[in-house]
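# Close look at the chain arrangement
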Amino acid sequence: MKSMSQSPLIVAIDGPAASGKSTVARKVAAALGLVFVNSGAMYRAFTWWVLENGIDPGDTAAVLGLLKSTGFECGEEDGTGTIAVGGVRMTRNELAASAVNAGVSLIAAIPEVRERLVAEQRRYASSRGVVMEGRDIGSVVFPDTTHKFYIDASPEVREARRRAEGIVDSIAQRDRIDSSRKASPLVIPDDAMVIDSSELGIDEVVGSVLERIRSSAE
Ligand code: CDP
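Here's a quick rundown of the structure. As the structure is a prediction and not an experimental result, all values here were calculated from the model.

Here we come to the packing of helix H3 (residues 39-52) against helix H4 (residues 60-68). Between H3 and H4, the shortest axis-to-axis distance is 11 Å and the interhelical angle comes to 110°. Classified by the angle their axes make, H3 and H4 are roughly perpendicular. Where H3 abuts H4, its residues Phe46, Trp49 and Val50 lie against Val63, Leu66 and Leu67. For the contact of H3 with H4, the residue count by class is six nonpolar, no polar and no charged.

Below you can see the structure in the form of C-alpha cells.
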C-alpha cells in the first residue's frame, strides 16, 4: 500500500459508546499490521487517576491541578497501545470500573485535558502506523487522514451489548455529554464512511473497512 512506505498510515475510527468500534479497530489493525490505539483508554486512565487522588471529576480546578503534575507514558505491547498515568499501568478492569464510566465524560469535556491527550496521540502516531479509535480522531486529532470511519449502532443494540458484557455503564448519559460538549464533540466527519453495525456481524464491518482502505490506497 503506497502510504505505508511514505508517512505512517493512520486509520481513524469514531463512534458512540459500545458501537463495536474497539473490536473493529483491533481487527483492522491486526489485518494491516498497524498498532491498535484506544484513545478512550487514555481518558479513562486519567479519570481513574483523578478518582485515585480523591478528586471529584466535577471539580475542574482540582482536575487541572492534577493534570499539570501528571506524566503520561504511551507504549506498545503485542500490537496494542498502552498508557501509564502517574507511572501506573491500569488493567482493563480498572478502566471499565463503574466509577470511571460515570466520570470519564466530565473529564473528557475539559479542553486542557483534551489538548494534553491529543498531543500524546499525535506524537505516538508520528513514528508508527495506527488504527486509532475514539470520538474526535477523524475530526480533530487526524483531520488530514483519508481513512476515516464512523461506526454506529442503535441505542438499544448498544445498551444490550454493554449489558451482555456485565458492565454497569451510563451510555446514554455519556453520549449526551460527548455529543453536546464544546471541546471536540462527537461528530461524523464529512469525509467519513459511516457503517451502522446494528444488524451486521463484526467480520462484515471489518471487511467493509478493509475494502475501503485498500481501494483508496491503490
Ligand atoms: O468503549 P466506549 O465506546 O464505551 O468508550 P471509550 O472509547 O472507552 O471512551 C470513554 C469516554 O472517553 C467517552 O465516553 C468520551 O467521554 C471520552 N473520549 C473522548 O472524549 N475522546 C476520545 N477520542 C475517546 C474517548
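Let us keep going from here.
Here H3 is 14 residues long and its end C-alpha atoms lie 20 Å apart, about the 20 Å a rise of 1.5 Å per residue gives. Among the 14 residues in H3, eleven count as buried, and that is most of the element. Every buried residue of H3 is listed here: Ser39, Ala41, Met42, Tyr43, Arg44, Ala45, Phe46, Thr47, Trp48, Trp49 and Val50.

Evaluated as defined, the whole model comprises 13 salt bridges. One salt bridge in this structure joins Lys27 and Asp203, with 3.4 Å as the shortest N-O distance. Of this pair, Lys27 sits in helix H2 (residues 21-32) while Asp203 is found in helix H11 (residues 202-217), placing the two residues 176 residues apart along the sequence. Taking relative accessible area as the criterion, Lys27 reaches 38% and is therefore assigned partly exposed. Under the relative-accessibility criterion, Asp203 is labelled exposed at 56%. Measuring nitrogen to oxygen at the nearest pair gives 3.5 Å for the salt bridge that ties Arg181 to Asp178. Residue classification places Arg181 among the buried positions, given a relative accessible area of 8%. Residue Asp178 is classed as buried on the basis of its relative accessible area, which comes to 4%. Within the structure, one salt-bridge network assembled from shared partners comprises Arg162, Glu165, Asp169 and Arg174.

Here we come to the packing of aromatic side chains. Within this structure, the stated rule accounts for one aromatic pair. Between Arg128 and the ring centre of Tyr124, over which it is positioned, the NZ or CZ distance is 3.7 Å.

Moving on, we come to the site of the ligand. Close contacts around the ligand come from 20 residues, with Lys21, Arg44, Arg114, Arg174 and Asp178 the closest. Here Arg44 contributes a side-chain N or O atom positioned 2.6 Å from an oxygen atom of the ligand. Taking 530 Å² as the accessible area of the ligand by itself, protein coverage stands at 97%. Contributing elements (two or more residues each) for the shell around the ligand: H3, helix H6 (98-108) and helix H10 (171-180). Tallying contributions element by element places H3 first for the shell around the ligand, with four residues.

One non-glycine residue, Asp78, lies in the positive phi region at around 50°. Mapped onto the elements of the fold, Asp78 is located in the loop between strand E3 (72-77) and strand E4 (80-85). Looking at Asp78, the relative accessible area reads 77%, which means it is exposed. For Ser184, which is not glycine, the phi torsion reads 45° and is therefore positive. Mapped onto the elements of the fold, Ser184 is located in the loop between H10 and strand E8 (193-196). A relative accessible area of 18% places Ser184 in the buried class.

Definitions and limits used
Residues numbered from 1 in each chain as written. Predicted model: local features only at pLDDT ≥ 70, side-chain atom pairs only at ≥ 80, totals over all residues. Heavy atoms only, no water. Axes fitted to C-alpha atoms, helices over the stretch in contact; angles between N-to-C directions. Helix = DSSP H or I, 4+ residues; strand = E, 2+ residues; numbered from the N terminus. Parallel < 35°, antiparallel > 145°, perpendicular 65-115°, else oblique. Contact = heavy atoms within 4.5 Å. Nonpolar A, V, L, I, M, F, W, Y, C, P; charged D, E, K, R; others polar. Expected span 1.5 Å × (residues − 1). Buried < 20%, exposed > 50% of the residue type's maximum accessible area, 1.4 Å probe, protein only. Salt bridge = Lys/Arg side-chain N within 4 Å of Asp/Glu carboxyl O. Phe/Tyr/Trp six-rings, centres within 6.5 Å; stacked < 30°, edge-to-face > 60°. Lys NZ or Arg CZ within 6 Å of the ring centre and 35° of its normal. Near = heavy atom within 4 Å. Polar contact = N/O pair within 3.5 Å; in protein donor to acceptor, adjacent residues only side chain to side chain. Areas by Shrake-Rupley, 256 points an atom, 1.4 Å probe, with all protein chains shown as cover.

The quantities given are spatial measurements derived from coordinates; they are silent on function.
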